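What the coordinates show
Okay, here's what each chain looks like letter by letter:
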Amino acid sequence: MMRSLFFISALAPFILACDNPVNDACAYAFTASSADAATFCATYTQASSTATTDLPAFATACSNKPKKVSSACSCLTGGSTPLTTGSSNNTAIATSSPAPFSNVTATVVDVAKISSVKIVATTLVKAKSTSKTSTEAATSTSASPKGSSTKAAKSTSASAQASSVVASVKATSAAVSVGGADACTASEYAQITSVVASCTNIVLENISAPASSTIDLTGLQQGSTVTFAGTTSFGTTEDSDFNPIEIAGTDITITGASGHVIDGNGAAYWDGQGSNGGTDKPDHFIVLDKMVNGKITNLNIQNWPVHCFDITGCDGMTISGLTLDNSAGDAANSASDGDPAAHNSDGFDISSTDNLILSNTVVKNQDDCVAVTSGTNITVTGMTCSGGHGLSIGSVGGKSNNVVSGVTFSDSTITDSENGCRIKSNSGTTGTIENIVYKNITLSGITDYGIDVQQDYLNGGATGTPTNGVTISGVTFESITGTTTGDAIDYYVLCGTACTDFTFTDVSITGGSGTSSCNYPSTGCPS
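Residues numbered from 1 in each chain as written. Predicted model: local features only at pLDDT ≥ 70, side-chain atom pairs only at ≥ 80, totals over all residues. Heavy atoms only, no water.

Things to note about the overall build of the protein
When helices and strands are counted, the protein shows 8 helices and 37 strands. Counting all 527 residues of the protein, 52% fall into the buried class. The long-range share in the protein, meaning contacts at least 24 apart out of those at least 6 apart in sequence, stands at 68%. For the protein, the exposed area adds up to about 21,100 Å²; of that, 49% sits on carbon and sulfur atoms. (Helix = DSSP H or I, 4+ residues; strand = E, 2+ residues; numbered from the N terminus. Buried < 20%, exposed > 50% of the residue type's maximum accessible area, 1.4 Å probe, protein only. Contact = heavy atoms within 4.5 Å. Areas by Shrake-Rupley, 256 points an atom, 1.4 Å probe, with all protein chains shown as cover.)

So, in structure tokens, the structure goes:
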């Protein structure tokens, strides 16, 4: 009688509230282990057993709830969403498209981490291809659920029992073109946590992050690669402590697919005040925190709210081939009182970071192209900076780390910016700035200072009275050439008694009508 009731229930799938295995861990576990589950279900009903112990391993995915287990048993044969699994270690699970995804050619379970047959997470990838392979796979799944599905389920069950398995996308043609055949692709924000936990080759495709939702890449496994594909966008979050993207880890590579863009939704915040006032806005767009031996390459980023990259506590980083374009913030808007709408939009803020190379990168913004406030052995080369405040050391002093040592800026151009090469320390504080080189820098359209060294900053502005707590020594300006414009000052050096060993070689900046002034070295400004 019990067996009869079971099969009668299987005849009414539309009456049963069957969960789709793509969305429900319990349904997934029973379907993936269908051979073993069928044997178990033949003798199990909620009425005959309400025990929550001594259940098979796959039942743990149902939280050991008898009602849930009974429902899963009934739906195993009566449900309308059969699965098949591939034969590779990176197992693809094709399903007939459930109603919410009826416009999708094929749906695959992208990441399901199975440990002792406990489903940790599943994600979906909407297949971008209508290729013969994808179509045949979906058709085969729908047409022959009993044949291929049962064999694949047995294989999956056996693998899960033998060891912990990470099942990731057996790539569609779209996934192959971006991250390769072993890539795990997240195409919705909610899928990111599971791919970060389960995979080391990750594609984030057309992610739309809701308000107050960080793209959190701080839990990446060592050696992971993350590729941004399509358009990454963000909801509006009026919170200065909110970081839209956070990245951490060792030997991590972050890169971008051809044609991708990461858009920070800056226009929703820009009011001409940046972090100095106005509406609350995310102060740092992308935070690199304590990364070791990481690589950031080939990213296209636009319209960030305030500061773009905050690089803190990192070691051995290489950053290259980026394009940061905040030029949409150059124009005034209704909130900016005639000033550029974007403000404090630094490209790279670097602090407490050692052994970093930043190269071959374009920055269009309204503040520092690069600002190093603390750190050692840092090389910035091949930069193309426009619209901002140039290549800067500082301001230094009054922070938890106040040492800048061994920084080289080289082979770069700075155009249509307030400053060219700038070093600044904060008034009344202590610290060290040493062994700084500016070499082969070309300037044009500089509106304030060509070369600027000041020891008198206070609350973001100059006081005119230098202090000596932050020493500045071993500074070389070599082959710095170009033009300033309007009433700009070609050279300005204001030191107390704490500046030593400045060298100017082949330096020629002309054009500004302002009067140059250099109280150090004793020979005055370059002629």
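A word on the pattern of salt bridges
Pairing between side chains of opposite charge can happen when their charged atoms approach one another. One pass over the full model with this rule turns up 3 salt bridges. Among the salt bridges present, the one from Lys281 reaches Asp271, with a minimum N-O distance of 3.3 Å. One end of the pair, Lys281, is in the loop between strand S16 (261–263) and strand S17 (284–289); the other, Asp271, is in the loop between S16 and S17, and 10 residues separate them in sequence. Per residue, the accessibility class of Lys281 equals that of Asp271, and both read buried. (Salt bridge = Lys/Arg side-chain N within 4 Å of Asp/Glu carboxyl O.)

What about unusual backbone geometry?
Cis geometry marks the peptide bond from Gly394 to Ser395; its omega dihedral reads 10°. Considering the arrangement of structural elements, one finds Ser395 in strand S27 (residues 391–396). With an omega of -5°, the peptide bond running from Tyr520 to Pro521 counts as cis. With respect to the secondary-structure elements, Pro521 resides in the segment after strand S37 (517–518). Positive phi, normally seen in glycine, also occurs at Asn265, with a value near 60°. Its place among the elements puts Asn265 in the loop between S16 and S17. Of note, Asn303 is a non-glycine position whose phi angle comes to about 60°, a positive value. Checked against the element boundaries, Asn303 lands in the loop between strand S19 (300–302) and strand S20 (307–312).

What to know about the nonpolar core
A general feature of soluble globular proteins is that nonpolar side chains tend to end up buried together. One finds Leu217, Leu288, Phe309, Phe348, Val370 and Ile393 to be the most contacted residues of the largest nonpolar core, which totals 79 residues. Among the elements that line this core, the one with the most residues is strand S30 (residues 431–446), at 6 residues. With sequence-adjacent residues up to four places away left out, Ile393 is seen in contact with Val372, Val404, Val407, Phe409, Arg422, Ile423, Lys424, Ile433, Ile436 and Tyr438. (Core = buried A, V, L, I, M, F, W, Y, C linked by side-chain atoms within 4.5 Å.)

Here we look at the pairing of strand S28 (residues 403–415)
Within a regular strand, side chains alternate between the sheet's two faces. By the bridge criterion, 9 bridges tie strand S26 (residues 375–386) to S28 in an arrangement that is parallel. When the sheet's bridge partners are listed, Thr376 is paired in S28 with Ser405. (Pairing = 2+ DSSP bridges.)

Describing the side chain of Ser374
In this structure, Ser374 sits in the loop between strand S25 (370–372) and S26. A residue is classified by how much of its surface remains accessible, and Ser374, at 2% relative accessible area, is buried. In terms of polar contacts, Ser374 uses its side chain to reach the backbone amide nitrogen of Ser352, at 2.7 Å. Beyond its immediate sequence surroundings of up to four residues, Ser374 is in contact with Ile350, Ser351, Ser352, Thr353, Asn401, Val403 and Val404. (Polar contact = N/O pair within 3.5 Å; in protein donor to acceptor, adjacent residues only side chain to side chain.)

Considering the pairing of S30
Bridge analysis of S28 against S30 gives 11 bridges, and the strand direction is parallel. Counted as the bridge partner of Ile414 is Leu443 from S30. Strand direction decides the pairing type here: S30 and strand S33 (residues 470–484), joined by 12 bridges, are parallel. Bridge pairing in S33 places Leu443 opposite Gly482.

Topic: the state of the cysteines
In the structure shown here, the tally under the stated rule is 4 disulfides. Disulfide pairing is shown between Cys184 and Cys199; the S-S distance is 2.0 Å. Between Cys184 and Cys199, the S-S torsion sits near -75°, and that sign places the bridge as left-handed. Residue Cys184 is found in strand S8 (residues 184–186), and its partner Cys199 is found in the loop between helix H8 (192–198) and strand S9 (201–205); the two are separated by 15 residues along the sequence. Paired by a disulfide, Cys518 and Cys525 hold their sulfur atoms 2.0 Å apart. (Disulfide = S-S within 2.5 Å.)

Observations concerning the packing of aromatic side chains
Here the distance between the centres and the angle between the planes together describe a pair of aromatic rings. Counted by the stated rule, this structure contains 7 aromatic pairs. Summarising the aromatic geometry, the rings of Phe477 and Phe504 are spaced 5.1 Å apart at their centres and angled 15° between planes, so their arrangement reads as stacked. With Phe477 in strand S33 and Phe504 in strand S35 (residues 499–505), this residue pair connects regions lying 27 residues apart in the sequence. For Phe504, a relative accessible area of 22% translates into the label partly exposed. Through a chain of ring-to-ring contacts, three or more aromatic side chains come together here, namely Phe409, Tyr438, Phe477 and Phe504. (Phe/Tyr/Trp six-rings, centres within 6.5 Å; stacked < 30°, edge-to-face > 60°.)

Here we look at the confidence of the model for the protein
Per-residue confidence for the protein gives a mean pLDDT of 80; residues scoring 70 or more make up 70%. Across residues 1–16, where pLDDT falls below 50, the model places 18 contacts with residues more than four positions away in sequence or in other chains. (pLDDT = per-residue confidence, 0-100.)

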